[in-house]
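Geometric and topological summary
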Amino acid sequence: MVLSSVHQAKGLEWDAVFVLNLADGAFPMQAALNSEYAEEEERRLFYVAVTRARKALYLCQPTWGRDRERMMVMLRPSRFLAEVAAPGDGLLEQWTIGERR
């Protein structure tokens, strides 16, 4: 098993790739949304991430997270997810790993 950041992944490939934390404000980062250039750089990094997988690609989007005041909030999916697949096209599966109590 190899743990890599998107920044380190350029030019490398693995059989399975998990791209984590695909929520707006995390990927793309909130700071990148203030600049068209910075958002495009985040989009380029996303492209690098999704093209590293030989056999299986898992795009992981959290449903819940904490805001700046540490309150639980529902997170929006990353805007980049809509660029690779649409709901109902058979490419996306929803998995529930744990339930919020």
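Scroll up a little and you will see the structure.
Quantities reported herein were computed from a predicted structural model and do not represent experimental measurements.

Rules used in this analysis
Residues numbered from 1 in each chain as written. Predicted model: local features only at pLDDT ≥ 70, side-chain atom pairs only at ≥ 80, totals over all residues. Heavy atoms only, no water. Patch = residues over 30% accessible without salt bridge, like charges linked within 9 Å, V, L, I, M, F, W, Y side chains within 5 Å. Areas by Shrake-Rupley, 256 points an atom, 1.4 Å probe, with all protein chains shown as cover. Salt bridge = Lys/Arg side-chain N within 4 Å of Asp/Glu carboxyl O. Helix = DSSP H or I, 4+ residues; strand = E, 2+ residues; numbered from the N terminus. Phe/Tyr/Trp six-rings, centres within 6.5 Å; stacked < 30°, edge-to-face > 60°. Buried < 20%, exposed > 50% of the residue type's maximum accessible area, 1.4 Å probe, protein only.

Time to look at a nonpolar patch on the surface. On the surface, W64, M72 and M74 cluster together into a nonpolar patch covering about 310 Å² of accessible area. Here M72 shows up in strand β4 (residues 72–74).

In this section: the packing of aromatic side chains. For the structure shown, the criterion picks out four aromatic pairs. Seen from their ring centres, F27 and F80 are 6.2 Å apart, and the 80° between their planes marks the pair as edge-to-face. A residue pair is termed long-range when its members are at least 10 positions apart, and F27 in the loop between β1 (14–19) and α1 (36–50) and F80 in the loop between β4 and α2 (81–84) qualify at 53 residues. Each of the two residues, F27 as well as F80, counts as buried. Their ring planes at 35° and their centres at 5.4 Å tell us that F46 and F80 sit as a pair that is tilted.

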